[in-house]
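Remarks on the overall topology
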Amino acid sequence: MDPLTHGALGAAVAGLVTGKDKDMRAPAVGALAGALPDIDIIPTLFLGPMSQLDLHRGLTHSLLFAALISPILGFILYRLNGKQAVPHGFTAWSLIVLLGILSHILLDCFTSYGTRIFLPFSDYRVAWGTIAVVDPLFSLPVILAALSLFLFRQNDAVGKRVLHAGLSLGLVYCAATVLNKEHIDSVFRRSLADQDIRFTRLMTTPMPFTNFLWVGIAEGDHYFYTGYYSNLDGRDTILFTQDRKNHEYIREISGHDRVRKLISFAREFYTIDAEEGTLIFNDLRYGSLAAGGGAEKQYIFSYAITNNGGNPEIIRRVRSRLSPETLLMLFKRIAGVQ
């Protein structure tokens, strides 16, 4: 999820902890705690493209990190005279930090990226895939809840109602995405069966900015079958395109550490294209920003791999730019225009 939403959620949760307290230091700390796990993005700005797979949503997104850093920061805040801002001092500050970090971790688990909450004991990526990384329908009520702490400082009753309403709407919407995913999965499975498409795995995930438009990727023996479905579509028949896996293209380097990380990151939903002596690794999980509109496929995660005698060089390709034409195509597809 985007940093603004994480910060707003952390601030709103801090507002719940402190109740009617008008001191703004607690929500400010909650906002910083809500954004804190994404500090792991900073090293990736100076390292290679593969560093993002190693670092982002890694240790700073783990439950162990939350448990260890919360009392440390809570003690520092308490020693900085924080006990005047929040009742119970150290305990309250630690709880604010802990809940802010946990809100970030939990929210990230609802996306499809994959969050390694069990590090360093397990590298497993939790990815429930019910909500997009950017979804205004979730973000706006949460941001409103956070703003209420600052805008209604002189009117506790109104501020409290707005805070509770914003968080409640966000919670209800998040729960609705889980139910919607169950419905979407059933639509995809039924459409695959109707078209006699045999598959071993199915993955569905919402497209950016919405929970109404979804991409589904079904894995067959030699092909991946990709389709798009909007809750606003007038019919449940999904048109699937097939992409040959071509996994044999990287067979000789598939055991290399960097390539294995790519495959694991994509949860094995990937295709390989050959392009002028370079292999193109396409992560299919987020679909194409063209959303089946007939334009050139634009994958959010796509990498160029050069073998180099068994020591592969991997460079992330920048192909998924949101042009006005792409956005228009995406929003038309959300509206059910095929």
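Residues numbered from 1 in each chain as written. Predicted model: local features only at pLDDT ≥ 70, side-chain atom pairs only at ≥ 80, totals over all residues. Heavy atoms only, no water.

Here's the deal with helix H7 (residues 136-151)
Its 16 residues give H7 an end-to-end C-alpha distance of 21 Å, which sits within 8% of 22 Å, the value for a rise of 1.5 Å per residue. Looking at H7, one finds that the buried residues are Phe 138, Ser 139, Pro 141, Val 142, Ile 143, Ala 145, Ala 146, Ser 148 and Leu 149. In the core, the buried residues of H7 are packed alongside helix H1 (3-18), helix H2 (25-35), helix H6 (90-109) and helix H8 (156-194). The backbone nitrogen of Leu 137 has a side-chain oxygen 3.1 Å away, supplied by the residue at the start of H7, namely Asp 135. (Helix = DSSP H or I, 4+ residues; strand = E, 2+ residues; numbered from the N terminus. Expected span 1.5 Å × (residues − 1). Buried < 20%, exposed > 50% of the residue type's maximum accessible area, 1.4 Å probe, protein only. Contact = heavy atoms within 4.5 Å. Polar contact = N/O pair within 3.5 Å; in protein donor to acceptor, adjacent residues only side chain to side chain.)

With respect to the packing of aromatic side chains
This structure, assessed with the given rule, holds 11 aromatic pairs. With centroids separated by 5.2 Å and ring planes inclined at 85 degrees, the aromatic side chains of Phe 265 and Phe 301 adopt a geometry described as edge-to-face. Here Phe 265, found in helix H9 (residues 257-265), pairs with Phe 301, found in strand S7 (residues 299-306); they are 36 residues apart in sequence, far enough to count as distant. Assigned by exposure class, Phe 265 and Phe 301 land together as buried. Ring-pair connections join several aromatic residues into one group, and the members of that group are Tyr 113, Phe 265, Tyr 286 and Phe 301. Lying over the aromatic face of Phe 224, Lys 245 brings its terminal NZ or CZ to 5.4 Å of the ring centre. (Phe/Tyr/Trp six-rings, centres within 6.5 Å; stacked < 30°, edge-to-face > 60°. Lys NZ or Arg CZ within 6 Å of the ring centre and 35° of its normal.)

Remarks on the pattern of salt bridges
Applying the stated criterion to the full structure yields 9 salt bridges. Asp 108 is the salt-bridge partner of Arg 57, the closest N and O atoms lying 3.4 Å from each other. Remark: Asp 108 occurs in helix H6 and Arg 57 occurs in the loop between helix H4 (51-55) and helix H5 (63-79); sequence separation between them is 51 residues. Both residues of the pair, Arg 57 and Asp 108, count as buried. Where salt bridges share partners, they join Arg 201, Glu 219 and Lys 245 into one cluster. (Salt bridge = Lys/Arg side-chain N within 4 Å of Asp/Glu carboxyl O.)

Looking at H9
At 3.6 residues per turn, the α-helix brings residues three or four places apart onto the same side. Listing the buried residues of H9 in full gives Val 259, Leu 262, Ile 263 and Phe 265. Buried positions in H9, seen along its axis, are confined to an arc of 165 degrees and lie on one side of it. Here the buried face of H9 lies against H4, strand S5 (270-275), strand S6 (278-288), S7 and strand S8 (313-316). (Arc of directions from axis to C-beta.)

Observations regarding the pairing of strand S2 (residues 213-219)
Along S2, 7 of the 7 residues are buried, which leaves the element largely enclosed by surrounding structure. The two faces of S2 match: Leu 213, Val 215, Ile 217 and Glu 219 on one face and Trp 214, Gly 216 and Ala 218 on the other face are all buried. Pairing between strand S1 (residues 201-206) and S2: 6 bridges, direction antiparallel. Bridge pairing in S2 places Pro 206 opposite Trp 214. Hairpin connection from S1 to S2: 6 residues lie between these consecutive antiparallel strands, with Phe 209 at a positive phi of about 80 degrees. Relative to strand S3 (residues 223-230), S2 runs antiparallel, the two sharing 7 bridges. The residue bridging Val 215 from the neighbouring strand is Tyr 228, located in S3. Linking S2 back to S3 in an antiparallel pair, the connection comprises 3 residues. (Pairing = 2+ DSSP bridges.)

Overview of the sheet that holds S5
Across the sheet, 4 strands lie side by side as S5-S6-S7-S8; this open sheet has antiparallel pairing. Strands with a single pairing partner mark the edges of an open sheet, and in this sheet they are S5 and S8. If you compare each strand with its neighbour and ignore which way they point, the axes differ by 25 degrees on average. Pairing analysis gives 6 bridges linking S6 to S7, with the strands arranged antiparallel. When the sheet's bridge partners are listed, Leu 279 is paired in S7 with Ile 305. (Axes fitted to C-alpha atoms, helices over the stretch in contact; angles between N-to-C directions.)

A word on a nonpolar patch on the surface
A surface patch of nonpolar side chains, about 690 Å² in accessible area, is lined by Ile 39, Ile 41, Ile 42, Leu 45, Phe 46, Leu 47 and Leu 55. Here Ile 42 is to be found in helix H3 (residues 41-44). Under the relative-accessibility criterion, Ile 42 is labelled partly exposed at 45%. (Patch = residues over 30% accessible without salt bridge, like charges linked within 9 Å, V, L, I, M, F, W, Y side chains within 5 Å. Areas by Shrake-Rupley, 256 points an atom, 1.4 Å probe, with all protein chains shown as cover.)

Here's the deal with the layout of surface pockets
What the largest pocket holds in volume is close to 590 Å³. Lining the largest pocket are 29 residues, with Tyr 113, Val 133, Val 134, Ile 300 and Phe 301 positioned closest to its centre. For the lining of the largest pocket, the secondary structure elements donating two or more residues are H1, S1 and S7. Among the residues making up the lining of the largest pocket, the classes are represented as 17 nonpolar, 7 polar and 5 charged. (1 Å grid on protein atoms, 1.4 Å probe; cavity = no way out; pocket = protein on both sides within 12 Å on 5 of 7 lines; lining within 4 Å. Points joined across faces, edges and corners; volume = space filled by probe spheres on them. Nonpolar A, V, L, I, M, F, W, Y, C, P; charged D, E, K, R; others polar.)

As for unusual backbone geometry
Glycine aside, a negative phi is what most residues show, and trans is what most peptide bonds show. A cis amide bond links Leu 119 to the next residue, Pro 120, at an omega of 0 degrees. Relative to the helices and strands, Pro 120 resides in the loop between H6 and H7. The phi dihedral of Asp 196 falls on the positive side, at around 55 degrees, and the residue is not glycine. Mapped onto the elements, Asp 196 comes out in the loop between H8 and S1. By relative accessible area, Asp 196 is classed as exposed at 60%. With a phi close to 65 degrees, Glu 268 is a non-glycine residue in the positive phi region.

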